Amino acid sequence: MQLRLPSSISDAQRCLAEGAIPIGGATLVWAAWQRDGFPEKAVSLRHVPEANVVGSEELGGAVLLHRVDATVPEVLHRAASGIGTGAVRRTATVGGNIVGSTLRCLLPAALVLDARATVLEPDNVYDTDLGELVAKRPLLLGLRWRTPLVSGYRKVEGDAGGPPPLVVAAAVHADGDSDGNGPRQLRVAVREGYEVLSESTPFDRDADQVLHALERTDLAALPAAAREHLRAQVTDVLVRTGEV
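Cut-offs applied
Residues numbered from 1 in each chain as written. Predicted model: local features only at pLDDT ≥ 70, side-chain atom pairs only at ≥ 80, totals over all residues. Heavy atoms only, no water. Pairing = 2+ DSSP bridges. Helix = DSSP H or I, 4+ residues; strand = E, 2+ residues; numbered from the N terminus. Core = buried A, V, L, I, M, F, W, Y, C linked by side-chain atoms within 4.5 Å. Buried < 20%, exposed > 50% of the residue type's maximum accessible area, 1.4 Å probe, protein only. Contact = heavy atoms within 4.5 Å. Axes fitted to C-alpha atoms, helices over the stretch in contact; angles between N-to-C directions. Salt bridge = Lys/Arg side-chain N within 4 Å of Asp/Glu carboxyl O.

## Concerning the pairing of strand β6 (residues 116–121)
On a regular strand, one side chain projects to one face of the sheet and the next to the other, so that they alternate.
So, point 1. The pairing of β6 with strand β8 (residues 139–144) spans five bridges and is antiparallel. Counterpart to V119 in the pairing with β8 is L140.
So, point 2. One ladder, built from five bridges, connects β6 with strand β7 (residues 124–128); its direction is antiparallel. In the sheet register, E121 faces β7, and the bridge partner there is N124.
So, point 3. Connecting β6 to the antiparallel partner β7 that follows it, the hairpin turn spans two residues.

This is the structure we're talking about:
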């Protein structure tokens, strides 16, 4: 297998046009390649600057999970730091987790940030929403979002060999100006099993009103234990705004 390491977007697009298969840390595909055969060409974005950014409102698709630090919002930092072992986090990438994995541990955090994805194709670079990203699984160049007022994340450890652990993410956003003076919105996302549900509702100083609003959404179909963790996480995030 020939591994191509382009240093620019245009170089990466040429690699894709020549049939190179995108590869990050290969943590999800290496075993299958050993079994079924390696591709002739692979391409990694590890040397493309735009794919390696770690900022307060952006994160590159080629960033290794252990590099996702407190520069990004709390919900995303905690999600990345809870994935696998240290060895996995030093190898696996943001794009591989969201696009290449069935677990998609970072997806709930990205959803509550209302993130947009920048996608790389052989002849195009474009922005899309996370729904299309997960459905079509293109090559992720990076994520962008607006900094939330407050965010939170919890991962409930499950049994070894059982279904994926429950994940609950929440964030409060100001939909107005950058000073946070506009209408506020609560966004929540839950991974239960392999499914990820997300909803949003207007912010209210009465936490019970917010929770009742969420109970009128598809989140009401979650198991009782999952709903309790959701209530606890939402309450915590609302309290930390200082207005509840």
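## A closer look at the nonpolar core
So, point 1. L76, V94, L106 and L143 are the most contacted members of the largest nonpolar core, which totals 36 residues.
So, point 2. Contributing elements (two or more residues each) for this core: α3 (74–81), α5 (94–100), α6 (107–112), β6, α7 (130–136), β8 and β10 (166–174).
So, point 3. Beyond its immediate chain neighbours, meaning those up to four positions away, L106 contacts L65, L76, A79, A80, I83, V94, N97 and I98.
So, point 4. Judged by nonpolar contacts, the second largest core, of 20 residues, contains L186, V188, A207 and L214.

## Comments concerning unusual backbone geometry
With the exception of glycine, the majority of residues adopt a negative phi angle, and the majority of peptide bonds are in the trans configuration.
So, point 1. The phi torsion at R104 lies on the positive side, around 50 degrees, for a residue other than glycine.
So, point 2. Along the chain, R104 turns up in the loop between α5 and α6.
So, point 3. At R137, a residue that is not glycine, the phi angle is positive and equals roughly 50 degrees.
So, point 4. Structurally, R137 is set in the loop between α7 and β8.
So, point 5. Taking relative accessible area as the criterion, R137 reaches 41% and is therefore assigned partly exposed.

## Quick look at the sheet that holds strand β9 (residues 150–156)
So, point 1. Taken in spatial order, the four strands line up as β9-β10-β11-β12 in an open sheet, and their pairing is antiparallel. Two strands in the sheet have a free side with no partner beyond their single neighbour: β9 and β12 (195–202). On average, adjacent strands in this sheet sit at an angle of 10 degrees to one another, irrespective of strand direction.
So, point 2. In this structure, strand β11 (residues 184–192) lies alongside β12, joined through eight bridges in antiparallel fashion. Counterpart to R191 in the pairing with β12 is V196.
So, point 3. Packing of helix α8 (residues 207–214) onto the sheet brings it into contact with β11 and β12, and relative to β12 it is tilted by some 135 degrees.
So, point 4. Across the sheet, helix α9 (residues 224–240) lies against β9, β10 and β11, angled at about 155 degrees from β9, the strand it touches most.

## As for the pattern of salt bridges
So, point 1. Summed over all chains, the structure comprises nine salt bridges.
So, point 2. One salt bridge connects E74 with R240, and the closest N-O pair in it is separated by 3.4 Å. Of the two residues, E74 sits in helix α3 while R240 sits in helix α9, which places them 166 residues apart along the sequence.
So, point 3. The class of R240 is partly exposed, set by a relative accessible area of 36%.
So, point 4. Through salt bridges that share partners, E74, R78, D236 and R240 make up one connected network.

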